[in-house]
Amino acid sequence: MKQFTSALAIASIVSLVNGHGFVTTPKARQPGTAMGAACGQQVLSNQGSDKYGNIQGELQIASSQNDYKTEECDIWLCKGYKFADNKDNVQSYKAGQKVDFTVDIRAPHTGVANVSVVDTASNKVIGKPLISWDEYASTATGVTDDETNFSVTIPDDLGSQCATAGDCVLQWYWFAESIDQTYESCVDFTLGGSGGAAPVESSASSSSATEIAVTSAPSVAVQTPTTAAAQPTTFATTARQSATSAASQAPTASAVPSASASDLPFPTDSATDVLTWLQALLGNLMGN
């Protein structure tokens, strides 16, 4: 029985480590001190060690932290990653320019996805998604090349909406319906002129960044999971509310220090938290 439990725990760790996604090109927003000040130091630590994690996992951690500030964190915009931490990696695009994306997906989880231009002040999609999938990273087919290597075209009707750094991002959004997990990566950019010139990074480009998509008249940015394919510009308040509710009720290991091994809650995001959990579990098992 002990051997079975240990094998199950190890298998869960392998699944956790492999079950994430993140945009690697263009360079997306990274976690930093501004995020920590808004979302809490434990959330920052978690994302610093595993930026491939999902929003629901962040919320589970945040629910037990006193320094998590819901409105300031704005976790459903770019997973709470802040422009203030990424000012040195703003991309410069032109209307009609083609932008190549590379996404690193570590395991398939069937869902829907898109890349859109998002107005960061309102967290709403501008116009329509630049590209979308009504079935993404399917567990039946595995991750396909066109889901991880693709291009989007910067719209020509944005006007001056994205002229200032921090106002707009190209947001890659993946809602893995099969496991109820949401992944986002954001690319910060500014828009000027027209044509097909290559992206230009700011002169101070270094370790931080952001990326995402673009078009006109804002509509909502977090898609409803059940209708994201048919209505990709509609926000998912249902997913947000259910995830937040689940997070607020999620138990933590510190809340039950004397519980038996079978009662220990299994962490859902950070590999470090998982290893800590496994150590406690094995300690209880050895004591039986």
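- In the annotation of an unreviewed UniProt entry, the entry for the protein chain reads Chitin-binding type-4 domain-containing protein, and the organism field reads Penicillium flavigenum.
- Per UniProt, the comment on the protein chain under Sequence similarities (unreviewed entry) is "Belongs to the polysaccharide monooxygenase AA13 family."

## So, the overall build of the protein chain
- In terms of regular secondary structure, the protein chain is built from eight helices and eleven strands.
- Out of the 288 residues in the protein chain, the part that is buried amounts to 49%.
- A separation threshold of at least 6 residues defines the contact pool for the protein chain, and within that pool the share at least 24 residues apart is 77%.
- In the form shown here, the protein chain has an accessible surface area of approximately 12,600 Å², with 52% of it arising from carbon and sulfur atoms.

## Comments concerning the state of the cysteines
- Per the stated rule, a full pass over the model turns up three disulfides.
- The disulfide that involves cysteine 162 links it to cysteine 168, with 2.1 Å between the sulfurs. Taking the sign of the torsion about the S-S bond as the criterion, the disulfide between cysteine 162 and cysteine 168, at about -75°, is left-handed. This pair shows no difference in class: cysteine 162 is buried, exactly as cysteine 168 is.
- By sequence-ordered numbering of the bonded cysteines, the protein chain has its disulfides arranged as 1-2, 3-6, 4-5.

## With respect to the environment of glutamate 58
- Tracing the chain through its elements places glutamate 58 in helix H4 (residues 55-62).
- Once the C-alpha coordinates of glutamate 58 and glutamine 42 are considered, the two residues, 16 residues apart in sequence, prove to be 9.2 Å apart.
- When neighbours within four sequence positions are excluded, glutamate 58 is seen to be in contact with Met35, Val43, Gln47, Ile75 and Lys79.

## Points about the nonpolar core
- Core analysis: the biggest nonpolar cluster contains 44 residues, and Phe101, Tyr136, Cys162, Leu170, Trp172, Trp174 and Phe189 have the highest contact counts within it.
- Looking at this core element by element, the count peaks at five residues for strand S8 (residues 168-176).
- Residues Leu77, Cys78, Val118 and Cys186 belong to the second largest nonpolar core, which totals six residues.

## So, the packing of aromatic side chains
- Applying the stated rule across the entire model yields eight aromatic pairs.
- Considering the side-chain rings of phenylalanine 101 and phenylalanine 150, the 5.5 Å spacing of their centres and the 5° angle between planes classify their relative orientation as stacked. Placement of phenylalanine 101 in strand S3 (residues 98-105) and of phenylalanine 150 in strand S7 (residues 149-153) is noted, with a sequence separation of 49 residues between them. There is no split in this pair, since phenylalanine 101 and phenylalanine 150 are both buried.
- These aromatic residues form a ring-pair network of at least three members: Phe101, Trp133, Tyr136, Phe150, Trp172, Trp174 and Tyr183.
- The side chain of arginine 106 reaches across the aromatic face of tyrosine 52, ending 3.6 Å from its centre.

## Things to note about H4
- Of all eight residues making up H4, seven are buried, and the element is well covered by its neighbours.
- Along H4, the positions that sit buried rather than exposed are Ile55, Gln56, Gly57, Glu58, Leu59, Ile61 and Ala62.
- You can read the cap of H4 off the contacts: a side-chain oxygen lies 3.2 Å from the backbone nitrogen of glutamine 56, and it is on asparagine 54.

## Considerations on the sheet that holds strand S1 (residues 21-25)
- The strand order S1-S3-S7 describes an open sheet built from three strands, whose pairing is antiparallel. The sheet is open, and its two edges are formed by S1 and S7, each paired on a single side. Neighbour-to-neighbour, the strand axes of this sheet turn through a mean angle of 40°, independent of strand direction.
- The pairing of S1 with S3 spans four bridges and is antiparallel. By the bridge assignment, glycine 21 is partnered in S3 with isoleucine 105.

## Details of the pairing of strand S4 (residues 111-119)
- Among the nine residues of S4, nine are classified as buried, and the element is accordingly described as predominantly covered.
- In this sheet, strand S6 (residues 131-136) lies alongside S4 in antiparallel orientation, the contact comprising four bridges. Bridge pairing in S6 places valine 115 opposite isoleucine 131.
- Relative to S8, S4 is paired through eight bridges, and the arrangement is antiparallel. Among the inter-strand pairings, valine 112 is bridged to a residue of S8, identified as phenylalanine 175.
- Direction of pairing for S4 relative to strand S5 (residues 124-126): antiparallel, over a ladder of two bridges.

Procedures and definitions
Residues numbered from 1 in each chain as written. Predicted model: local features only at pLDDT ≥ 70, side-chain atom pairs only at ≥ 80, totals over all residues. Heavy atoms only, no water. UniProt positions renumbered as here; feature names shortened; annotations may be inferred. Helix = DSSP H or I, 4+ residues; strand = E, 2+ residues; numbered from the N terminus. Buried < 20%, exposed > 50% of the residue type's maximum accessible area, 1.4 Å probe, protein only. Contact = heavy atoms within 4.5 Å. Areas by Shrake-Rupley, 256 points an atom, 1.4 Å probe, with all protein chains shown as cover. Disulfide = S-S within 2.5 Å. Core = buried A, V, L, I, M, F, W, Y, C linked by side-chain atoms within 4.5 Å. Phe/Tyr/Trp six-rings, centres within 6.5 Å; stacked < 30°, edge-to-face > 60°. Lys NZ or Arg CZ within 6 Å of the ring centre and 35° of its normal. Polar contact = N/O pair within 3.5 Å; in protein donor to acceptor, adjacent residues only side chain to side chain. Pairing = 2+ DSSP bridges. Axes fitted to C-alpha atoms, helices over the stretch in contact; angles between N-to-C directions.

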